[in-house]
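Read off the chains here:
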Amino acid sequence: MRPDSPAPVRLEEYRPPAYRISTVDLDIRLAPRAAKVRARLALERAPGTVPGTPLVLDGDELRLTALSLDGRALADTDCTITPDRLEIASPPAGPFTLEIETVLDPDANTKLMGLYRSNGTYCTQCEAEGFRRITYFLDRPDCLAVYTTRIEARVSEAPVLLGNGNPVESGPVPGTDRHYAVWHDPHPKPAYLFAMVAGDLACVRDSFRTCEGRDVALNIYVEHGNEGACGWAMDSLKRSMVWDEEVFGRAYDLDVFNIVAVSDFNMGAMENKGLNIFNDKYVLARPETATDQDYAGIETVIAHEYFHNWTGNRITCRDWFQLCLKEGLTVFRDQEFSADMRSRAVKRIADVRLLKSHQFPEDAGPLAHPVRPRLYHEINNFYTATVYEKGAEVVRMLKSLIGDAAFRAGMDLYFRRHDGEATTIEAFLACFQEASGLDLDQFSLWYEQAGTPVLKVDSSYENEAGRLTLTFRQHLPPSPGQSEKKPMHIPVRFGLMGADGRELVPGGVAGAEVTGDVLHIRSPQQTVVFSGLTERAVPSVLRGFSAPVSLKTDLSEADLLFLAANDKDPFNRWEALQSVVMTTLIAATAGTARQDPVAISPALIAAFAANVADDTLEPAFRALCLHLPGEADIAREIGHNVDPDAIHAARGAIRRAVADDIAPEILATYEAMRDGATFSPDARSAGRRALRNTLLDYLGHGSDPAGAARVQAHFEAADNMTDRFAALTVLIHADLPGRAEALAAYEARYHAVPLAMDKWFMAQATAPSGATLDRVRDLTGHPAFSPANPNRVRALVGAFASGNQSQFNRPDGAGFTFVADFARDLDRRNPQAAARMMSAFRSWRALEPGRRAHAEAALRHLAAEGDLSADMRDIVERCLQ
Ligand code: BES
Ligand code: ZN
């Protein structure tokens, strides 16, 4: 760290707030360049606070225009005021009222934190520390208050005025062209859940009756013209509400639930109490503009934010170190919801793919941190795959270890005991320990220790004894700030497969505690013996990916392909095939350096052929099986001295070999998956499209020149975005004839639909061609691009940095320089977006020496800049450590 970096925030330095705020009355008078905010706070000293302790409120770039305490203006001698802080030297002993008036400039707010405008609509984003950009406050999640908000604006500018909670009153402001609305939220909440919206918006209405008999008005607000694209979001919301009642026993607790879609938003969406604000990408969907993946994403994000109402809002975090308490748990809940709405097996595979491609590399590099970090410089940079995805895995493991019934009892206890509180991971775990009787001390290390454990499993079968012995060895490599690691409590779900594909039941299991079909592995080395077997068993371990570990088994290719065809656990069928494919890809990558011809075993080809043609398997599952691991996945498995061009060449050669060797099966199933019916986003139809489009990718990358014509025809015949975008991507990535025409046709059709243009940018930014960098640079000048919009930036530059291994990691370093320069400019406007983009550098140390030197130079160049934001400086310096 540079000597002038501010001190980090540490978990062990947590202290409860010295003052309490019981109510907050806000009066917000909106105007584009000067919005006036009057905040009346009811304060008192917290019990245990020494009299005379100063009151220190947080601010961020604030301009104070008036300040009074119990109705009297404060003298300069009584307080110190800066844009970032308000300190009152010695507040009264008893309860007192502070009135603060600030003036904000929403139009100048390009950080999209606090109060800003998106396409003319006033909106707010306060998580994690944005409320302090609206008024001075105890801006921390353990300060819970009851909010009443009065919003006032010009009628013509903002006919719609929304706040948290329930509407109380509204009307014109007599003698002016303005009107107002008052909202009251009876549930005490931290400031990060505050929100308001004002604008000229259309509304789609529906309603829901809860299991407790409450009638809830459901409203989705969008820009005029988008009313017809809200149906899927509304449907997803109603299904989420039913599901949370049925599966977790949780009902909604206000009379209205409002969702607003805005086009400028840093994240996906935000769970503000009663007023969720969404990136429009996660609300708007029409068959013409949204892919099946977009539909699935909307369903997940709508559910996620709704589920926060209980896990996050009713029970919130004591401090930001506990972020996974709400995020990991809520991701677990949205994963389970989607699994119930769709195919559980397909959902689990998709989630594990995401975990391995986003979280594993984070855990293996300089940005590694525990699910519950103990130190941060900038909390914005800790909304990570580790806190979210690994955080969800930890909850899933807990459920596996204690069983479904104890898990539900633990959740019920958590809701009962901590409703209305700001709490901790310890309090959460205590509920499950009580409900199950299982000692969770060792388990809690999953929250403390960073890094992905390596779990090695060796097996030996003794025929005469009828005994299978599995030896588990776990190892957790060092990570930043943690050199010594303790052994983890790992749930290993298992099964034993007999030769005819039947599941074998052992007479006994020794060497590990067992819950159902889950082994408790707790020691660095642990031997588990299955006895009473009548034939050789192939062990299927880590079924359903029961723990986020890197599994290394000694199973032969033959055993793995046997599992791929026969395992009773669909996840392990997929995983077994993937592991054979990965071994093949790694060997092929090593082979490219020696210019070896590609080697792919006949047994693997046969497995692919069988999979493509197997109509007993759901199409979405087959699509996942046929999907080769991505270039970044291969790089992660190789781990060091990575040459992205060699990986790209090897993967391309294997894809071509598969395409050519099983061409008849591919074509037959491609034709069979054609769907005559009109578009429906349901999981079954989406699965057929997924399989057909996966096969299209093979057709476009095979040696048969007829493939190109098929891809072109697919593009031209497409009657929905899923098919159109799939074909466009293959045309560009395989550099097929008709590519330029397709790009032009797409652009002509969608130039005025920003979310559709994002796909057009993305398809080009991820093309594995030496010309891509120049193209991306040119596209930053395209009329549909804007550096001010986070979706556009992510679709073009973000996709290039994170989704184009060979071109971002160009051997001449030009990809690194471009992204670093772009992020440097973006940082002046939007530090959060810039810092997120820079996380593409997180695996730079694993590169071969030439590229590594270029990446380091780009990072050092940035680190030497004097005026980086705290967000950027934190990422750049941790990358370099
Ligand atoms: N609370 C977050 C939104 C958020 C993140 C606000 C970071 C401020 C900083 C929200 O609940 C969330 O997690 N959204 C995710 C999507 C979700 C489905 C995982 C997001 O925005 O990506
Ligand atoms: Zn969340």
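Above: the structure in question.
Right, let's walk through the structure included here. Each chain carries its own residue numbering, running from 1 in the direction its sequence is written. Just so you know, chain letters begin at A and ligand numbers begin at 1, following the order they were written in. This being a predicted model, a pLDDT of at least 70 is required before a residue's local features are given, and a value of 80 or more before pairs of side-chain atoms are given or counted; all residues contribute to the totals for chains, interfaces and linings. Remark: hydrogens and water are excluded; side-chain values derive from all non-hydrogen atoms of the structure.

Quick word on the overall build of the chain
Here comes step 1: To qualify as a helix, a DSSP run of H or I must reach at least 4 residues; to qualify as a strand, a run of E must reach at least 2; elements of each kind are numbered from the N terminus. Looking only at helices and strands, the chain features 27 helices and 34 strands.
Here comes step 2: Relative to the globule expectation of 29 Å for 881 residues, the C-alpha radius of gyration of the chain, 28 Å, shows essentially globular dimensions.
Here comes step 3: Counting only C-alpha atoms, the chain reaches 90 × 65 × 60 Å along its principal axes.
Here comes step 4: For every residue, the accessible area (1.4 Å probe, protein chains only) is compared with the maximum for its type, and the residue is labelled buried under 20%, exposed over 50%, or partly exposed between those bounds. The proportion of buried residues among the 881 residues of the chain is 59%.
Here comes step 5: A total accessible area of about 33000 Å² is found for the chain, and carbon and sulfur atoms account for 52% of it. In this setup the radius of gyration rests on C-alpha atoms only. A globule is expected at 2.2 Å times the number of residues raised to 0.38. For every accessible area listed, the method is Shrake-Rupley and the probe measures 1.4 Å; residues are considered covered only by the protein chains on display.

Let's talk about the coordination of the zinc ion (ligand 2)
Perfect tetrahedral coordination of a metal by four donors corresponds to 109.5 degrees between them, and perfect octahedral coordination by six donors corresponds to 90 or 180 degrees.
Here comes step 1: Summarising the metal site, the zinc ion (ligand 2) is bound by the protein donors His-304 (NE2), His-308 (NE2), Glu-327 (OE) and Glu-327 (OE), whose distances to it range over 1.9 to 2.7 Å.
Here comes step 2: A 2.8 Å cut-off from the metal defines N, O and S donors, relaxed to 3.2 Å for Na, K and Ca; water is not in the atom list, so some sites may appear incomplete. Angle rules define the geometry names used: all angles between 85 and 135 degrees makes four donors tetrahedral, while opposite donors over 155 degrees apart and all other angles between 65 and 115 make four donors square planar and six octahedral, leaving every other case irregular. One way to put it: the six donor atoms around the zinc ion (ligand 2) meet at angles of 53 to 163°, and that makes the site irregular.
Here comes step 3: Sequence spacing of the donors to the zinc ion (ligand 2): H-x3-H-x18-E.
Here comes step 4: Classification of His-304 as buried rests on a relative accessible area of 7%.

Topic: the pattern of salt bridges
Here comes step 1: When a carboxyl oxygen of Asp or Glu lies within 4 Å of a side-chain nitrogen of Lys or Arg, that pair is called a salt bridge. Enumeration over the complete set of coordinates arrives at 81 salt bridges.
Here comes step 2: One connected set of salt bridges, linked through shared partners, spans Asp-27, Arg-29, Arg-150, Glu-152 and Arg-178.

Description of the site of ligand 1
Here comes step 1: Lining the immediate environment of ligand 1, one finds 15 residues, of which Glu-127, Gly-268, Glu-271, Glu-305 and Tyr-388 sit closest.
Here comes step 2: Under the rule applied, a polar contact is a pair of N or O atoms within 3.5 Å (in protein, one hydrogen donor and one hydrogen acceptor; residues adjacent in sequence only if both atoms are side-chain atoms). Take Glu-127: an N or O atom from its side chain is 2.6 Å from a nitrogen atom of ligand 1.
Here comes step 3: A distance of 3.3 Å separates an oxygen atom of ligand 1 from a polar atom in the backbone of Ala-269.
Here comes step 4: Here ligand 1 has 510 Å² of accessible area as a free molecule, and 88% of this is covered by the chains.
Here comes step 5: Mapped by element, the contributors of at least two residues to the shell around ligand 1 are strand 20 (269–270), helix 2 (292–307) and helix 3 (323–341).
Here comes step 6: No other element matches helix 2, which puts three residues into the shell around ligand 1.
Here comes step 7: Here the shell around ligand 1 is composed, by residue class, of six nonpolar, four polar and five charged. Nearness is defined per residue: one heavy atom within 4 Å of the molecule or strand is enough. Residues are grouped as follows: Ala, Val, Leu, Ile, Met, Phe, Trp, Tyr, Cys and Pro are nonpolar; Asp, Glu, Lys and Arg are charged; all remaining types, including Gly, are polar.

Some points on the sheet that holds strand 11 (residues 121–125)
Here comes step 1: Two strands are counted as paired when DSSP detects at least two bridges linking them. Read from one edge of the open sheet, four strands run 10-11-16-13, paired in antiparallel fashion. Sheet topology places strand 10 (114–118) and strand 13 (160–163) at the edges, where each strand pairs with a single neighbour. If you compare each strand with its neighbour and ignore which way they point, the axes differ by 15° on average.
Here comes step 2: Judged from the two bridges that link them, strand 11 and strand 16 (residues 196–199) form a sheet pairing that is antiparallel. Bridging from a neighbouring strand, Cys-123 pairs with Val-197 of strand 16. Axis definition: a line fitted to C-alpha atoms, limited for helices to the stretch in contact. Angles are taken between N-to-C directions and run from 0 to 180 degrees.

With respect to unusual backbone geometry
Here comes step 1: In this structure, the amide linkage connecting Glu-127 to the following residue, Ala-128, adopts the cis form with an omega of -5°.
Here comes step 2: Summarising the element assignment, Ala-128 is placed in the loop between strand 11 and strand 12 (145–154).
Here comes step 3: Notably, Leu-542 is not glycine yet its phi reads approximately 60°, a positive angle.
Here comes step 4: Turning to its location among the elements, Leu-542 is positioned in the loop between strand 33 (538–541) and strand 34 (550–553).
Here comes step 5: We note that Asp-735 has phi near 55°; this positive angle belongs to a residue other than glycine.

Let's talk about helix 1 (residues 231–248)
Here comes step 1: An expected span of 1.5 Å times one less than the residue number is assigned to each helix. The terminal C-alpha atoms of helix 1 lie 25 Å apart, and with 18 residues this matches the ideal 26 Å at 1.5 Å per residue to within 8%.
Here comes step 2: Any two residues whose heavy atoms approach within 4.5 Å at even a single point are treated as in contact. Check the buried side of helix 1 and you find it contacts strand 17 (202–209), strand 18 (215–222), strand 19 (256–262), helix 2, helix 3 and helix 6 (404–418).
Here comes step 3: The positive-phi residue at the C-terminal boundary of helix 1 is Gly-249, with phi of around 70°.

Overview of the pairing of strand 10
Here comes step 1: Strand 10 sits mainly inside the fold: four of its five residues count as buried.
Here comes step 2: Looking at chain direction, strand 10 and strand 11 are connected through five bridges and run antiparallel. Residue pairing for strand 11: Gly-114 is matched across the bridge by Gln-125.
Here comes step 3: Connecting the antiparallel pair strand 10 and strand 11 is a turn made up of two residues, with Asn-119 showing a positive phi of about 50°.

Remarks on the packing of helix 11 (residues 602–613) against helix 15 (residues 663–672)
Here comes step 1: In contact at an axis separation of 9 Å, helix 11 and helix 15 are set at 15° when each is read in the N-to-C sense. Taken together, the axes of helix 11 and helix 15 lie roughly parallel to each other. Here helix 11 runs over helix 15; the crossing is left-handed. Contacts between helix 11 and helix 15 involve Ala-609, Val-612 and Ala-613 on the former and, on the latter, Glu-665, Ile-666 and Thr-669.
Here comes step 2: Of the residues in the contact of helix 11 with helix 15, the class split is four nonpolar, one polar and one charged. Should an angle fall under 35 degrees it is taken as roughly parallel, and over 145 as roughly antiparallel, whereas 65 to 115 is taken as roughly perpendicular and any remaining angle as oblique. By definition, any crossing whose near helix is turned counterclockwise from its far helix by less than a right angle is left-handed, and any crossing with a clockwise turn is right-handed.

Quick look at the environment of Arg-20
Here comes step 1: Along the chain, Arg-20 turns up in strand 2 (residues 19–29).
Here comes step 2: If near-sequence neighbours (up to four positions away) are discounted, Arg-20 is found in contact with Ala-42, Leu-43, Glu-44, Ala-46 and Pro-47.

Description of the sheet that holds strand 14 (residues 166–172)
Either a parallel or an antiparallel arrangement is found when strands of a sheet pair, and the pairing is made through backbone hydrogen bonds.
Here comes step 1: Read from one edge to the other, the open sheet built from eight strands follows the order 6-5-9-3-2-12-15-14, with strand pairing classed as mixed. The open sheet terminates on both sides in strands that have one partner only, identified here as strand 6 (72–73) and strand 14.

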